[in-house]
Amino acid sequence: MIVELISIGTELLMGNIINTNANYLSIQCANLGFSMYHQVTVGDNKGRLSEAIKTALLRSDIIILTGGLGPTSDDITKETLGQILGRRLVMDQHSRQRILSYKVKFQRGESFDKEMEKITENNWKQALKIEDSIVIDNNNGTAPGYIVEDDDKIIILLPGPPSEMKPMFEKDMLPYLKRLQDKVFLTKMVKICGIGESQAETMIMDLINNQTNPTIAPYAKGGEVHFRITASADTLDTAGKLISPIINEIEKRFANNIYTTSEDVTLEEAVVKLLLLHKLTLVTAESCTGGLLSGRIVNVSGSSEVFTEGFITYSNQAKQKYLKVSQETLLTYGAVSEQTAREMAIGAIEASACDVSLAVTGLAGPGGGTKDKPVGLVYISCHIGGETIVREYQFKGNRDKIRKRSVVAALDLLRRSIMDVYG
């Protein structure tokens, strides 16, 4: 089935709010096996919204609309859709009572009658439903959602705030949509790092060219490459059997470049898991990444058992003071050098008595680069098992991208180093 997403809100077009709903719903629809060919964002304008809905009805089986269900005059989603379908808006007493209860719940100290007086009239607009639509309760706000069935078309209306939209979709909309599937769909993810997107795609191009069922989709994601493998079948067991040979072939080709085959596991989670498995403690020493590396690590629940401390030594003086990087090394080779990265890693070990250290120094730009040391030059060092490893990288992009790529490369070097030493 073909699904189309229409995101509604002038604030989305202006860039005041990042459209995280589109990202979330795209993933959900892909997991359901639906094809999404179009996504549209429109402002709070009835004419343009009407045009977007009419176009979607011509080319899609399912239309999902997010936003425009609130109490204000610019919330026009239901009114616009109702006019297109030739259906009236009617008061839903169940929704009216839920809105009343929700409002009173957060207002205390007055009698029930006085509390009701405080609710402005425009709030009841949210209790209006499109005639013959299915009302979906909002357990995290006041605006209900709706399912509208019109001949062979299905239109789903969801509130805009992600804290309301996601729970409603998962609790009510997802089970409804699953009933529309004529087959079951199973998706598996393989995540790799240390190889660029173009090289990774080239390594499995024969699989991609010959794909039918399952399908293979590569995604570049912040210095990583993810392969999403999706199979459709009559049963999950059959879909799993279709996927297994593809996963096995990808694992054979990429070997240690793969850090997980679980969609929910991040690179930092895979690294922390390895540290926990081998009972290793970690210290970081950062220059150009300025805490981004340690921040990724502490995002992982349970990291406190392995990550003891981190040094942010941005200046040469800090490198000398906390990590004992020698003045001679800094004068001879500079802060961005293999020698400095090595001494940072060793100094962090000596300062912390940890089992493993990870150090990063580089030129994130946009200024400061030279012919010999261009912007994007980064040295990453890992001290483990009594040995110190240093790797040189040359990253492209702006300051933010270089710093983030450095973090991914550092985590990957740590992951590989643990596996090389401890298996």
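As the structure is a prediction and not an experimental result, all values here were calculated from the model. (Residues numbered from 1 in each chain as written. Predicted model: local features only at pLDDT ≥ 70, side-chain atom pairs only at ≥ 80, totals over all residues. Heavy atoms only, no water.)

Draft legend 1. Structural view of the side chain of Lys129. Here Lys129 shows up in strand E5 (residues 128–130). For the buried residue Lys129, which engages in no salt bridge, the nearest side chain bearing the opposite charge is Asp92, 4.6 Å off. With residues near it in sequence (within four places) discarded, Lys129 still touches Arg88, Leu89, Val90, Asp92, Val135 and Tyr146. (Helix = DSSP H or I, 4+ residues; strand = E, 2+ residues; numbered from the N terminus. Buried < 20%, exposed > 50% of the residue type's maximum accessible area, 1.4 Å probe, protein only. Lys, Arg positive; Asp, Glu negative; His and termini not counted. Salt bridge = Lys/Arg side-chain N within 4 Å of Asp/Glu carboxyl O. Contact = heavy atoms within 4.5 Å.)

Draft legend 2. Quick peek at the sheet that holds strand E1 (residues 2–8). The strand order E2-E1-E3-E8-E7-E6 describes an open sheet built from six strands, whose pairing is mixed. One side of each edge strand has no neighbouring strand; the edge strands of this open sheet are strand E2 (35–42) and strand E6 (134–136). Direction aside, the axes of adjacent strands within the sheet are offset by 15° on average. Here E1 pairs with E2 via seven bridges, running parallel. Counted as the bridge partner of Ile6 is Val40 from E2. Across the face of the sheet, helix H2 (residues 20–31) comes into contact with E1, E2, strand E3 (62–66) and strand E8 (153–158) while running at roughly 165° to E2. Against the sheet, helix H3 (residues 46–59) engages E1, E2, E3 and E8, with an angle of about 170° to E1. (Pairing = 2+ DSSP bridges. Axes fitted to C-alpha atoms, helices over the stretch in contact; angles between N-to-C directions.)

Draft legend 3. Structural detail: the pattern of salt bridges. In this structure the tally under the stated criterion is 17 salt bridges. In this structure, Arg59 and Glu4 form a salt bridge, with 2.8 Å as the shortest nitrogen-oxygen distance. In this pair, Arg59 sits in helix H3 while Glu4 sits in strand E1, placing the two residues 55 residues apart along the sequence. A relative accessible area of 33% means that Arg59 is categorised as partly exposed. For Arg342, the salt bridge is made with Glu338, and the minimal N-O distance between the two is 3.4 Å. One end of the pair is Arg342 and the other is Glu338, both in helix H15 (residues 338–352) and four residues apart, which spans about a single turn.

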